[in-house]
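# Per-entry structural report
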Amino acid sequence: MRACIPLVLAVLCGLAWADLYSAPTSCQGRCYEAFDKHHQCHCNARCQEFGNCCKDFESLCSDHEGFSHSSDAITKEEIQSISEKIYRADTNKAQKEDIILNSQNCISPSETRDQRDRCPKPLFTYVNEKLFSKPTYAAFINLLNNYQRATGHGEHFSAQELAEQDTFLREIMKTAVMKELYSFLHHQNRYGSKQEFIDDLKNMWFGLYSRGNEEGDSSGFEHVFSGEVKKGKVTGFHNWIRFYLEEKEGLVDYYSHIYDGPWDSYPDVLAMQFNWDGYYKEVGSAFIGSSPEFEFALYSLCFIARPGKVCQLSLGGYPLAVRTYTWDKSTYGNGKKYIATAYIVSSA
């Protein structure tokens, strides 16, 4: 598969997020992060040298948790190396014969706001649904109907729905993909035990916060994988399985794409425009043909290693960048931040 134009989605996808989240003024959850010129004050290793630390830098970051120190910072090369290992470990991914895509019309970025349906046929011509009987796929799909897509309506999980979150985490942790990720993060002093890692994943992805007027109406998982509607527009919705299932039910209408990735096998990447049951998505980037654990692992890696920043990955020898945003209006644990969103922003 090849690109019709270079993928640069940060401008299209990122501006709304930049407007929504103001620059933080505290070092809570930010100790020894990389320098970001957009922040009002800083918490990096040299902020004291330049006199631009946040007021609570010394109290929060002095003798802070070991993994936050600059000596334990995860390098770009280490991120690229572990992302390649995760890529190779994804044995649950779709094979070439499992998916037939019909990407059809490729448009320019200037046309994405037109809301024109330029593709008369569905995106997915065929998907081998035997994939969905695999434990991680089945557990993932069970989560998708647990949410109200409109922000401003509080989410209230039943005991069964909470158990489905635990089942999903339990199943993905059995995979080579997540074992690679945990081993890497454990070696990097980010987590002392597997259970600590699992508990943190549950909080950062499934913990509820408020995007609208209702308390607890959103989560990172709902936004990224299931999709939401806010102010008349689709937000999030970066998952191919969700897209396929909704398209099959006649709820998603594929309009066009601006990028089709260079990979000649799955997982691949597609940046597309579509209508979701009456609401438009201007640019929705997604992996195609990846296992649920693959996407979950890469987005988690980027959020943990580069929270609120661009994360440079390498997949099958091709570069790929993922952008995450932190939710800054509420925290869990000792000042840890929830995932606000994660999505693909660029590729060579």
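Notes on the structure follow. For clarity, every value in this text was computed on a predicted model and none was experimentally measured. Counting from 1, residues in each chain are numbered in the order their sequence is written. Side-chain atom pairs in this predicted model are given and counted only at pLDDT of 80 or more, local residue features only at pLDDT of at least 70, and totals for whole chains, interfaces and linings cover all residues. Side-chain descriptors were evaluated using all non-hydrogen atoms of the structure, hydrogens and water having been removed beforehand.

### Looking at the state of the cysteines
Stated precisely, the cut-off is as follows: A pair of sulfur atoms, both from cysteines and within 2.5 Å, is called a disulfide here. The secondary structure listing takes helices from DSSP runs of H or I that are at least 4 residues long and strands from runs of E that are at least 2 residues long, numbered from the N terminus. Each residue is placed in one exposure class: buried if its accessible area under a 1.4 Å probe, protein chains only, is under 20% of its type's maximum, exposed if it is over 50%, and partly exposed if it falls in between.
The tally for this structure, following the rule as stated, stands at three disulfides. Here Cys41 pairs with Cys54 through a disulfide, and the sulfurs are 1.9 Å apart. Taking the sign of the S-S torsion, about 85° here, the bridge from Cys41 to Cys54 comes out right-handed. Of this pair, Cys41 sits in the loop between helix H1 (10–20) and helix H2 (47–50) while Cys54 sits in the loop between H2 and helix H3 (57–61), and the two are 13 residues apart along the sequence. Using a relative accessible area of 11% as the deciding quantity, one classes Cys41 as buried. You can call Cys54 buried: its relative accessible area is 4%. Between the sulfur atoms of Cys302 and its disulfide partner Cys311 the distance amounts to 2.4 Å. Between Cys302 and Cys311, the S-S torsion sits near -70°, and that sign places the bridge as left-handed. The exposure class assigned to Cys302 is buried, which follows from its relative accessible area of 0%. For Cys311, a relative accessible area of 0% puts it in the buried group. Free of any disulfide, Cys119 has its nearest cysteine sulfur in Cys106, 9.4 Å distant.

### Some details on the pattern of salt bridges
Opposite charge on two side chains lets them pair, provided their charged atoms get close. Put simply, the rule is: When a carboxyl oxygen of Asp or Glu is within 4 Å of a side-chain nitrogen of Lys or Arg, the pair counts as a salt bridge.
Tallied over the full model, the rule gives 13 salt bridges. Across the pair Asp328 and Lys337 runs a salt bridge, and its minimum N-O distance is 3.2 Å. For Asp328, a relative accessible area of 30% gives the class partly exposed. Overall, Lys337 belongs to the buried group, its relative accessible area being 14%. The network of salt bridges with common partners includes Arg30, Glu33 and Lys309.

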